[in-house]
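Summary of the model geometry
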Amino acid sequence: MSKQGFTTRQVHADRLLNSPENGAVHTASTNSVLFEFTDAQGIIDVFQGKQAGHVYGRSSSNSAMALSNQINALEGGIGAVCFATGMAAISSVFLSLFKHGDHVIVSQYLFGNTRSLMNTLMDMGIQISFVDVTSLENIKDAYQPNTRAVFTETVANPVTQVADIQGIGRYCEERGIPLIVDNTMTPPPLFDAKAAGASLVTTSLTKYVAGHGNVLGGAVIDTGLYDWQQFANIKPAYQVADTRQWGLTQIKKKGLRDMGATLTPDAAHKIAVGMETLALRMAKACDNAARLATLLDNHAQVERVFYPGLADHPQHFMAREQLSGGYGAILSLDLKAGIDPVDFLNKLKLVICATHLGDTRTLALPVAPTIFFENGPQERAKMGISETMIRVSVGIEDIDDLVEDFRQALDQY
Ligand SMILES: *Cc1c(COP(=O)(O)O)cnc(C)c1O
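Residues numbered from 1 in each chain as written. Predicted model: local features only at pLDDT ≥ 70, side-chain atom pairs only at ≥ 80, totals over all residues. Heavy atoms only, no water.

This part covers helix 3 (residues 62–75). With 14 residues, helix 3 should reach 20 Å at 1.5 Å per residue; the first-to-last C-alpha distance of 20 Å fits that figure. With ten of 14 residues buried, helix 3 lies mostly within the body of the structure. Among all positions of helix 3, only S63, A64, A66, L67, S68, Q70, I71, N72, L74 and E75 are buried. Those residues of helix 3 that are buried lie in contact with helix 1 (6–17), strand 1 (79–83), strand 6 (200–204), strand 7 (218–222), helix 9 (265–275) and helix 10 (278–297). Downstream of helix 3 by one or two residues, G76 has phi in the positive range, about 65°. (Helix = DSSP H or I, 4+ residues; strand = E, 2+ residues; numbered from the N terminus. Expected span 1.5 Å × (residues − 1). Buried < 20%, exposed > 50% of the residue type's maximum accessible area, 1.4 Å probe, protein only. Contact = heavy atoms within 4.5 Å.)

Another aspect to go through is the pairing of strand 5 (residues 179–182). Here strand 5 shows a buried face lined by L179 and V181 and a second buried face lined by I180 and D182. Alignment of strand 4 (residues 147–153) against strand 5, held across four bridges, turns out to be parallel. Considered in strand 5, the bridge of V150 is made with L179. Between the parallel pair strand 4 and strand 5, the chain is carried across by helix 7 (residues 165–175), and the sense of this crossover is right-handed. Note that strand 5 and strand 6 share three bridges and pair parallel. Looking at strand 6, one finds that D182 is bridged to T202. (Pairing = 2+ DSSP bridges. Right-handed = clockwise from strand over helix to strand, strands pointing away.)

On to unusual backbone geometry, then. A cis amide bond links N157 with the next residue in sequence, P158, at an omega value of 10°. Among the structural elements, P158 can be located in the loop between strand 4 and helix 7. With an omega of 10°, the peptide bond running from P188 to P189 counts as cis. Tracing the backbone through its elements, the reader meets P189 in the loop between strand 5 and strand 6. At T160, a residue that is not glycine, the phi angle is positive and equals roughly 65°. Position of T160 relative to the elements: it lies in the loop between strand 4 and helix 7. The class of T160 is buried, set by a relative accessible area of 1%. One non-glycine residue with positive phi stands out, namely H356, at about 125°.

Here we take up the nonpolar core. In summary, soluble globular proteins display a tendency toward joint burial of nonpolar side chains. Judged by nonpolar contacts, the single largest core of 90 residues is most densely connected at L67 and L296. Of all the elements, helix 10 adds the most residues to this core, at ten residues. Residue contributions to this core reach at least three from each of two domains, namely domain 1 (6–30 + 61–275) and domain 2 (279–410). The residues touching L67, leaving out its near neighbours within four places in the chain, are C82, L205, L263, A268, I271, A272 and M275. Among the nonpolar cores identified, the runner-up in size contains 33 residues, and A88, I90, F98 and I251 belong to it. (Core = buried A, V, L, I, M, F, W, Y, C linked by side-chain atoms within 4.5 Å. Domains from an automatic or database assignment.)

Our next topic: the site of the ligand. Taken together, the neighbourhood of the ligand is formed by T85, G86, M87, I90, F111, E153, D182, T184, S204, T206, K207 and G217. Between an oxygen atom of the ligand and a side-chain N or O atom of K207, the distance comes to 2.8 Å. Coverage of the ligand by the protein amounts to 92% of the 380 Å² it exposes when considered alone. A class-by-class count of the residues in the shell around the ligand yields three nonpolar, six polar and three charged. (Near = heavy atom within 4 Å. Polar contact = N/O pair within 3.5 Å; in protein donor to acceptor, adjacent residues only side chain to side chain. Areas by Shrake-Rupley, 256 points an atom, 1.4 Å probe, with all protein chains shown as cover. Nonpolar A, V, L, I, M, F, W, Y, C, P; charged D, E, K, R; others polar.)

Their axes nearest at 10 Å, the elements helix 10 and helix 14 (residues 399–410) cross at an angle of 30°. Compared by their axis directions, helix 10 and helix 14 come out roughly parallel. Judged by the twist between their axes, the crossing of helix 10 over helix 14 is right-handed. Contacts between helix 10 and helix 14 involve K284, N288, R291, L292, L295 and L296 on the former and, on the latter, I399, L402, V403, F406, R407 and L410. Taken together, the residues that form the contact of helix 10 with helix 14 break down as eight nonpolar, one polar and three charged. (Axes fitted to C-alpha atoms, helices over the stretch in contact; angles between N-to-C directions. Parallel < 35°, antiparallel > 145°, perpendicular 65-115°, else oblique. Left-handed = near helix turned anticlockwise from the far one by under 90°.)

Attention shifts here to the domain arrangement of the protein chain. When its domains are assigned, the protein chain resolves into domain 1 (6–30 + 61–275) and domain 2 (279–410). Summarising the inter-unit geometry, the C-alpha centres of domain 1 and domain 2 are found 26 Å apart. Taken over both partners, the interface formed by domain 1 and domain 2 buries close to 3100 Å², and the fraction arising from carbon and sulfur atoms is 59%. Broken down residue by residue, the surface that domain 1 buries against domain 2 is led by P158, L190 and Y208, which jointly contribute 24%. Between R115 and E379 there is a salt bridge, and its shortest N-O distance comes to 3.1 Å. Sorting the residues of the side of domain 1 that touches domain 2 by element identifies helix 1, helix 5 (112–123), helix 7 and helix 9 as the ones contributing at least two each. The leading source of residues in the side of domain 1 that touches domain 2 is helix 5, at three residues. Its residues placed into classes, the side of domain 1 that touches domain 2 shows 20 nonpolar, 15 polar and three charged. (Buried area = accessible area lost by both parts, 1.4 Å probe. Salt bridge = Lys/Arg side-chain N within 4 Å of Asp/Glu carboxyl O.)

Structure below.
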C-alpha cells in the first residue's frame, strides 16, 4: 500500500479502510445517534475503552471514523479526529490542551477568525505572544518558561507570508513542546507537515480537501512526533496505554464529547468524495495561480502581487524548500493607487466575488473591509494587509479564461 501514489491511495482508501457491506465502494453514511448493545456488558466495555465501538453520535460515528482514517493517511499521522468545521478543530485543540496561566507562541499572520479566537483565549487567562513566524529568532525571543506550544499556519492568508516550519519544528523539539500547524492552505501533497516537524496538524476540510464549497469540516491529526508524556496538561483519565495517543484522546474527549464540535455523517461522506480529487485539483489550481501571479505582476495597473512562487517574494527561497508540491493557490494584489478595488472586482465577469477559498471556482474579495474588518487598521498593518488589498483564491478553470477575465478588467483603467 505505502508504495502506491498519493491519488491511488486516495481513491481506494474508502474501500480498504472499512469493510463495506454488499460491495459498497463508499463507507455507508450511518445517521444513527444511538447504538444498541444486545449484551449489556458491551456498553460497559466501550464506555471504558476496553473495546472499540460507538455509544453516542456526538462522540463518534462510523462515517466520521472512516474519514478520520483517510485524513490520517493523508498527513501520515498516528491518528486523526474530525470536527464540524476548521474553527471547531482549532478551538478544540486550544481549549483542551491549554489552561489559565499557560503561554502559547502564535503566528501574527493568522486567519481572521483564528485571530479573533485568540482574543477570547486571552480573556480566559491563556497568554498569547503574536510573532513574525518567517524568522525563527522571533520564536526564540518569545519563549518563556510557561510556553506550552507554538501555533502557526504554513502560508498565511492573505499576504502569503511563509512560516519557517522546519526551523520552528527543530526548536520546539529542543524545548520539548508541541508545534501545531494549520495546514489548510497547503494540504498534501503540497506540504508534508510531519516531515517539517509538526506535532499536530489542524486543517479546514471545508477548503481544498473537500474542495467544492458544499460542506463544512475540520480535522486534527497527530503526526506521532511529540512525546505527550512531556506535556503538563494531560489529565490522568486520558493517559491511555499508548502514550502517543494521549494528546488526541484529550482533544477528542473535550472537543467532541464535551464541547460537541462533531462532524455529521453526511458531511463526512461529502468530504470523503471531494478528497478523492485533491491532488488533481491542487496541481491545476497551483499552476493557474502561478501563471496568474506572473501575469498580474507584469501588468502596468498592478502595484504589487503577493505569491510565494514569485522570485521576489520575501520568503520565496523558504517556500521552495518547504513546498515540494507547489506554491499554493492563493494570491493577493494591490492595484495601482487610485483604482478602487470594489470597482475593479465589479469588472470581473468570471471570477466570483465571495469569501471562501480552496474552491474549484476562482473567488476574489476586498480584504480589509470584509474578512479582516473586525481587526482594525493597526492589526491589519501588523499583518501586512493594505487597506486596498484584493485576495484571489484561484480555482481550476481553464487558465486562458482566467487570464482573459483579469486582463479585460485591468485594461479598462
Ligand atoms: C477557513 C480557514 C479556517 C477555518 O475553517 P472553517 O472550516 O471555515 O471553520 C482555519 N484556518 C484557515 C487557514 C482557514 O483558511
